[in-house]
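Close look at the chain arrangement
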Amino acid sequence: MDEKHLLMGVRSGSEKSFRELYERWVSRLYSFVYRYVKSEDVADDIVQETFLRLWTHRHSLNPACSFQSYLFTISYHLLLKELRRQLNHPSMEDYVEYLSQLNISGEYIERHIDFGRFQEELAKAKAKLTPRQREIFELNKEQGISVSDIARQLSISEQVVRNQLSASLKVMRVELQRYACLLSFLFLLNG
């Protein structure tokens, strides 16, 4: 049976159609989630919760829309919730916000979420900053502290903060060219 008919079946409450969709997608969805959480139990929980939400909200299924996008979007939001819980890192929130601003298809999500890699590259780039530049960058861009508050906290002028921040942003742009869109968004957040 084709997917559109299975979705119509699920929408009308067919457990058989639901089981068939589950069997078609569970391993692919599990692989996607496991890549990011690296835990079988957590991946299982997210996949099961995804399908539970699918069943719970079956009446709102639209067989004309991409089921893959719908399924992976549910999973994506559960995955981000889990990653937020695990990482509880300020730049993760920036990354999540950036992704949520995009009109993301399931396929895009599956291919492009790589926050771990971004974190590694961000750490390498910050290592190239002077200690003062790094401190000001982290206070402003990661902790959201204003230029005036940083100046007060570090007992320096606002102009020195702006100069150091500007110099650090130049280094970060060069080092993180690959993440230009994300980086621009990060820079604008607390500019």
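Quick note: structure is the one above.
These remarks concern the structure in this document. (Residues numbered from 1 in each chain as written. Predicted model: local features only at pLDDT ≥ 70, side-chain atom pairs only at ≥ 80, totals over all residues. Heavy atoms only, no water.)

Notes on the environment of S75
We count it as follows: Per the convention used, a helix needs a DSSP run of H or I reaching at least four residues, while a strand needs a run of E reaching at least two, with both numbered from the N terminus. Any residue under 20% of the maximum accessible area for its type is buried, any over 50% is exposed, and the rest in between are partly exposed; the area is computed with a 1.4 Å probe on protein chains only. The contact criterion used throughout is that any non-hydrogen atoms of two residues lie within 4.5 Å.
Note that S75 resides in helix α4 (residues 67-87). Given a relative accessible area of 0%, S75 falls into the buried group. For the pair S75 and V47, spaced 28 residues apart in the sequence, the C-alpha separation amounts to 6.8 Å. With residues up to four places along the chain from it excluded, the contact list for S75 reads L29, F32, V33, I46 and T50.

Description of the packing of helix α8 (residues 131-142) against helix α9 (residues 147-154)
Two packed helices can be described by the angle between their axes and the distance between those axes. Put simply, the rule is: Only the contacting stretch of a helix is used when fitting its axis, a line to C-alpha atoms as for every element, and angles between N-to-C directions run 0 to 180 degrees. Angle categories: roughly parallel below 35 degrees, roughly antiparallel above 145, roughly perpendicular from 65 to 115, and oblique for all the rest. For a crossing to be left-handed, the near helix must be turned anticlockwise from the far one by less than a right angle; the clockwise case is right-handed. Charged means Asp, Glu, Lys or Arg here, nonpolar means Ala, Val, Leu, Ile, Met, Phe, Trp, Tyr, Cys or Pro, and polar covers whatever is left, Gly included.
At a minimum axis distance of 10 Å, the contact between α8 and α9 shows a crossing angle of 135°. As far as their axial angle goes, α9 and α8 are oblique. The handedness of the crossing between α8 and α9 comes out as right-handed. Every residue of α9 that contacts α8 at R132, E135, I136, L139 and N140 is listed here: V147, I150, Q153 and L154. For the contact of α8 with α9, a count of residues per class yields 5 nonpolar, 2 polar and 2 charged.

Observations regarding the packing of helix α1 (residues 3-11) against helix α2 (residues 15-37)
Axis separation between α1 and α2 bottoms out at 8 Å; the angle between their running directions is 130°. Considering the angle they form, α1 stands oblique to α2. α1 and α2 meet at a crossing whose hand is left-handed. Of α2, the residues touching α1 (which contributes E3, L6, L7, G9 and V10) are S17, F18, E20, L21, R24 and W25.

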